[in-house]
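# Residue-level structural notes
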Amino acid sequence: MMEVKSVEEYMERIRVLDALEQQAMGLSRMLTTYTDRLQERLEQRVEIEKASEEAVLTSIKSLEAVVDKSVHQKRQLVEQCQQLDSEMKETREILQQVREIKQLLDVMEYAKRKS
């Protein structure tokens, strides 16, 4: 009878070991699945970050081009204003002469009214 019990115990131990082995295999499959999913997500994240970096670089290059163009246009405007100021020098002198003539005429008209 002792052998039967030990055989029964042996068989029970084998069933327990089989169950543990099945659980271990299940856990191993789950771990593999989770690892594969994690790898996929990491690859997706890398792709997203790469695309994001490319978008940022494109935006920076675009902004740089716009700023360069703006600076160039501002310099052109300053040059044109300086040229216009230089060209208007004679006009300012004539304007000053016209003001002086008007002032003289006003004085003459005032003097004429007084007399």
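See the structure above.
Let us look at the structure shown here. (Residues numbered from 1 in each chain as written. Predicted model: local features only at pLDDT ≥ 70, side-chain atom pairs only at ≥ 80, totals over all residues. Heavy atoms only, no water.)

### Description of the overall build of the protein chain
The helix and strand tally for the protein chain stands at 2 helices and 0 strands. Expressed along its principal axes, the backbone C-alpha trace of the protein chain runs to roughly 160 × 30 × 10 Å. Looking at the protein chain as a whole, 1% of its 115 residues are labelled buried. Roughly 11600 Å² of accessible area belongs to the protein chain as shown, and the carbon and sulfur atoms make up 59% of that amount. Charged side chains in the protein chain number 19 positive and 23 negative. The centres of these two groups are separated by 13 Å. (Helix = DSSP H or I, 4+ residues; strand = E, 2+ residues; numbered from the N terminus. Buried < 20%, exposed > 50% of the residue type's maximum accessible area, 1.4 Å probe, protein only. Areas by Shrake-Rupley, 256 points an atom, 1.4 Å probe, with all protein chains shown as cover. Lys, Arg positive; Asp, Glu negative; His and termini not counted. Charge placed at Lys NZ, Arg CZ, Asp CG, Glu CD.)

### Digging into the pattern of salt bridges
Taken as a whole and judged by the stated rule, the model has 5 salt bridges. The residue Arg 15 makes a salt bridge to Glu 12 at a minimum N-O spacing of 2.9 Å. Residue Arg 15 and its partner Glu 12 are located together in helix α1 (residues 2-87), separated by 3 residues, close to a single helical turn. Exposure remark for Arg 15: the relative accessible area of 48% places this residue in the partly exposed category. Given a relative accessible area of 39%, Glu 12 falls into the partly exposed group. Arg 113 is the partner of Glu 109 in a salt bridge, and the nearest nitrogen-oxygen pair spans 2.6 Å. In this pair, Glu 109 and Arg 113 are both assigned in helix α2 (residues 89-114), 4 residues apart and thus about one turn of the helix distant. On the basis of relative accessible area, Arg 113 is assigned to the exposed category, the value being 66%. (Salt bridge = Lys/Arg side-chain N within 4 Å of Asp/Glu carboxyl O.)

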